[in-house]
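Structural overview
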Amino acid sequence: MRRRIVTLAVVAGILAISLFGIPSAVAVAHYFVQDERAELERAADSAALSVADDLTDVTRVPVLPGAAEGTAGLYTPSGRLVTGTGPATADTVVLEARDGRVTNGDNGDELVVAVPIVHGSTLLGIVRAATPHTEAYQRAALTWLAMAGLAGAAVVATWLVARRFAARLARPLEDLSAAAARLGEGDFTVRAARSGIPEIDQVARTLGKTAERIGETLDRERALSADASHQLRTPLTGLRLQLEAALDPPGQDLLAAVGAAITTTDRLETTIDDLLALSAHRREPRSALDPGQLLDEVRQSWHGLLASRGRALRITPTSTARPHAAEAAVRQIISVLLDNAITHGTGTVTVTTRDSGTAFAIDVADEGSGVDQELDLFARGHSSGDGHGIGLALARSLAEAEGGRLRLSTPTPVTFTLWLPVNGDG
């Protein structure tokens, strides 16, 4: 890229210099030719004035200035050379001057000027001044040489400036290329430095945003994997325990065990469907949720698991409001809270729905001894020996994604409350 920019700049400079220099060179040559003719005319005029008196007095011998240098000649009106230098017979330029006007022209390789000498109305003679074309061309050549030197200096300056600007333009693009390479290697924190060139900076900003989005997507996918692992662990464990219990002899009710296993499998399938629906690619739209149907599903899924551990599940619906949230998200939040109550709580687990101002509230409580309020139970990866961690962090993130809130409302007995918007504004 640098080479192309430099080449383009130099070619453009040469083209511009040529378009300006060639006509200027022609104009210079024409100027020096005209200047040489003007010099000849002045010399011929001076010579004509000096010999005019001699020509009016036939007793005097005309002395022509410039004759010794071989640049001037004196002709009679008939065209015969009297003195000085020139052709013996007058050439066309001299003959044209017989009508009393100054003439000029070319004769072979010479510039010629003819000045008539007139006394009254009588033509006394003609002064012819001549010089080789090479005189004018030598002066023009020296000027052309100077112009060529300036043109060369301009081309060199253009090359130097083009190299500098090419480096300035190419360096940000090289930085972008390096940043893109790092992005391809998995560094999603890469950010290209600003160059001060708006178009390149726009590409840099776009690349940075792309890297940020890819990083966020991967983080989300990793979090989803961790969330899925956590959410599937409980039903899988319950299914294993049920199957192992069915194998214990004797007198086990295999039909009941298989039924319980099927129920747990259904719960496992629902959890998988919910996690897929909550992923970035299949986000459910918010709609009016039917709390009664959801609570029935909770009762069917969790009653048996709690009963197998000698605990009760009490569901108390005291609100008929229909919150606006994705059903999969709310179902997984409740699952996390119930799993937390089973794992860390004791006694009866109570699920209550109620109105809370402009929000719909779901309380999940157990009869455990309580938790330390100073612990951040919702921090992802938090571990205090009680096992709190990814589940509650997932539940809170799902609640916030639906425009709601999840809080530890009372530490003793442990009660978690989920608030969901009712009007759909979030």
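Structure report, in brief. Keep in mind that this is a model prediction, so the values were computed, not measured. (Residues numbered from 1 in each chain as written. Predicted model: local features only at pLDDT ≥ 70, side-chain atom pairs only at ≥ 80, totals over all residues. Heavy atoms only, no water.)

The next point concerns empty space enclosed by the protein. Scanning the entire structure with this criterion turns up two cavities of 30 Å³ or more. Roughly 40 Å³ of volume is contained in the second largest cavity. Surrounding the second largest cavity, Leu337, Asn340, Ala341, Val364, Ala365, Asp366, Val414 and Phe416 form its lining. Where the lining of the second largest cavity is concerned, the elements lending two or more residues are helix H7 (327–344) and strand E10 (359–365). Class assignment of the residues belonging to the lining of the second largest cavity gives a composition of six nonpolar, one polar and one charged. (1 Å grid on protein atoms, 1.4 Å probe; cavity = no way out; pocket = protein on both sides within 12 Å on 5 of 7 lines; lining within 4 Å. Points joined across faces, edges and corners; volume = space filled by probe spheres on them. Helix = DSSP H or I, 4+ residues; strand = E, 2+ residues; numbered from the N terminus. Nonpolar A, V, L, I, M, F, W, Y, C, P; charged D, E, K, R; others polar.)

A word on the packing of aromatic side chains. Enumeration according to the criterion identifies one aromatic pair in this entry. Centre to centre, the rings of Tyr31 and Phe32 are 5.4 Å apart; their planes meet at 65°, and the pair counts as edge-to-face. Take Phe32: its relative accessible area is 12%, and that puts it in the buried class. (Phe/Tyr/Trp six-rings, centres within 6.5 Å; stacked < 30°, edge-to-face > 60°. Buried < 20%, exposed > 50% of the residue type's maximum accessible area, 1.4 Å probe, protein only.)

Now for the sheet that holds strand E1 (residues 72–75). The sheet built from five strands is open, its strands ordered E2-E1-E5-E4-E3 with antiparallel pairing. The strands lining the two open edges of the sheet, one partner per strand, are strand E2 (81–84) and strand E3 (103–107). Taken over all neighbouring pairs, the strand axes of this sheet differ in orientation by 25° on average, direction set aside. The sheet contact formed by strand E4 (residues 110–119) and strand E5 (residues 122–132) spans ten bridges and is antiparallel. Within E5, the residue paired with Val118 across the bridge is Leu123. Docked against the sheet, helix H3 (residues 133–184) engages E3, E4 and E5, running at close to 45° with respect to E5. (Pairing = 2+ DSSP bridges. Axes fitted to C-alpha atoms, helices over the stretch in contact; angles between N-to-C directions. Contact = heavy atoms within 4.5 Å.)

Among the surface-exposed residues, Arg194, Arg205, Lys209 and Arg213 lie close enough to one another that they form a single positively charged patch. Along the chain, the position of Arg205 falls in helix H4 (residues 198–247). (Patch = residues over 30% accessible without salt bridge, like charges linked within 9 Å, V, L, I, M, F, W, Y side chains within 5 Å. Areas by Shrake-Rupley, 256 points an atom, 1.4 Å probe, with all protein chains shown as cover. Salt bridge = Lys/Arg side-chain N within 4 Å of Asp/Glu carboxyl O. Lys, Arg positive; Asp, Glu negative; His and termini not counted. Charge placed at Lys NZ, Arg CZ, Asp CG, Glu CD.)

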